[in-house]
Amino acid sequence: KEIAKKCNAIFLNQGGSDPFALTKKIILALEPLKLEQEVIVAVGPAVSGEHATELKNLQKKLKNNYRFEWSAPQEKMHELMIGCDIAITAAGNTLYELAALGMPCITICHHERHDEVARLFAKNGAAVNLGVGVGLDEKKIAQTVEMLANSYEKRLALSRNIRKITDGGGCERIVDETIKRWKELRERA
């Protein structure tokens, strides 16, 4: 991923289920900013009916430039991610996908286990971690997004560092190791 001088799009995803309704909280934090950027909101397929209804109602009232993608398939998710300049994500599997792309990320975690992962990313200069989202102040979310959107240097540094976390070749290594061990077992039999 090439890091653009100007931030044009922000990817927002809180996983397949968003169990703590953090997508809504993040949108409400961003709304006062009057963003020039398009905000791509990827809503997962397991988002609860009540939360999905709240998001659909909120969508009608938003002033900023939001595009909601509901239950996007994997190929579409990749397309959405790669087209953005910043990601706001939880610290689950999506964070590793974004790492393989070299995407500058802000993490807003679901729980303490996610926060442990996100703190390690932040310690290595690979993400900006805001901690567990339930108790997070919306102003801090807004300030962090604004700071990162306006700092090419920070986005570039995050991209360089997050690429060191994963090279995107983990699946191939797992397959190679599985075949190797399967052959070893067959030879012993």
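Provided above is the structure to which this section pertains.
Caption draft 1: The arrangement of the overall build of the chain in detail. Counting its regular elements, the chain contains 8 helices and 6 strands. When the helices and strands of the chain are read in sequence order from the N terminus, they spell out β-α-β-α-β-α-β-α-β-α-β-α-α-α. For 189 residues, the compact-globule estimate of 2.2 N^0.38 gives 16 Å, and the C-alpha radius of gyration of the chain, at 18 Å, lies within 12% of that figure. The C-alpha extent of the chain, read off along each of the three principal axes, is 65 × 40 × 30 Å. Long-range pairs, those at least 24 residues apart, make up 68% of the contacts in the chain with a sequence separation of at least 6. Of the accessible surface of the chain, which amounts to about 10,400 Å², a share of 50% is contributed by carbon and sulfur atoms. Charge-centre separation for the chain: the mean point of 28 positive side chains lies 2 Å from the mean point of 25 negative side chains.

Caption draft 2: Spotlight on the sheet that holds strand 6 (residues 128–132). With parallel pairing, 6 strands are arranged side by side in an open sheet as 3-2-1-4-5-6. Two strands close off the open sheet at either side, each with one partner strand: strand 3 (66–70) and strand 6. Adjacent strand axes in the sheet meet at a mean angle of 15° when their direction is disregarded. Here strand 1 (residues 9–13) runs beside strand 2 (residues 38–43); their pairing, made up of 5 bridges, is parallel. Within strand 2, the residue paired with Ala9 across the bridge is Glu38. On top of the sheet, helix 3 (residues 74–82) reaches strand 1, strand 2 and strand 3; it is set at about 140° to strand 1, its chief contact.

Caption draft 3: Representation of unusual backbone geometry within the structure. One non-glycine residue, Ala21, lies in positive phi territory at about 55°. Here Ala21 shows up in the loop between strand 1 and helix 1 (22–30). Note on Ala21: relative accessible area 26%, which makes it partly exposed. With a phi close to 50°, Ser71 is a non-glycine residue in the positive phi region. Overall, Ser71 belongs to the partly exposed group, its relative accessible area being 41%.

Caption draft 4: Layout of the packing of aromatic side chains. Inspection of every chain in the model, using the stated rule, returns 2 aromatic pairs. Ring geometry for Phe68 and Trp70: centres 5.9 Å apart, planes at 20°, overall stacked. According to the relative accessible area criterion, Trp70 is partly exposed, its value standing at 31%. Over the aromatic face of Trp70 sits the side chain of Lys56, whose NZ or CZ is 5.0 Å from the ring centroid.

Caption draft 5: Molecular detail of the side chain of Asp18. With respect to the secondary-structure elements, Asp18 resides in the loop between strand 1 and helix 1. One buried charged residue, Asp18, remains without a salt bridge, the closest side chain of opposite sign being Lys24 at 10 Å. A distance of 2.7 Å separates a polar atom in the side chain of Asp18 from a polar atom in the side chain of Thr23. Setting aside residues no more than four positions away along its own chain, Asp18 makes contact with Thr23, Val47, His51 and His110.

Conventions adopted
Residues numbered from 1 in each chain as written. Predicted model: local features only at pLDDT ≥ 70, side-chain atom pairs only at ≥ 80, totals over all residues. Heavy atoms only, no water. Helix = DSSP H or I, 4+ residues; strand = E, 2+ residues; numbered from the N terminus. Rg over C-alpha atoms; globule rule 2.2 N^0.38 Å. Contact = heavy atoms within 4.5 Å. Areas by Shrake-Rupley, 256 points an atom, 1.4 Å probe, with all protein chains shown as cover. Lys, Arg positive; Asp, Glu negative; His and termini not counted. Charge placed at Lys NZ, Arg CZ, Asp CG, Glu CD. Pairing = 2+ DSSP bridges. Axes fitted to C-alpha atoms, helices over the stretch in contact; angles between N-to-C directions. Buried < 20%, exposed > 50% of the residue type's maximum accessible area, 1.4 Å probe, protein only. Phe/Tyr/Trp six-rings, centres within 6.5 Å; stacked < 30°, edge-to-face > 60°. Lys NZ or Arg CZ within 6 Å of the ring centre and 35° of its normal. Salt bridge = Lys/Arg side-chain N within 4 Å of Asp/Glu carboxyl O. Polar contact = N/O pair within 3.5 Å; in protein donor to acceptor, adjacent residues only side chain to side chain.

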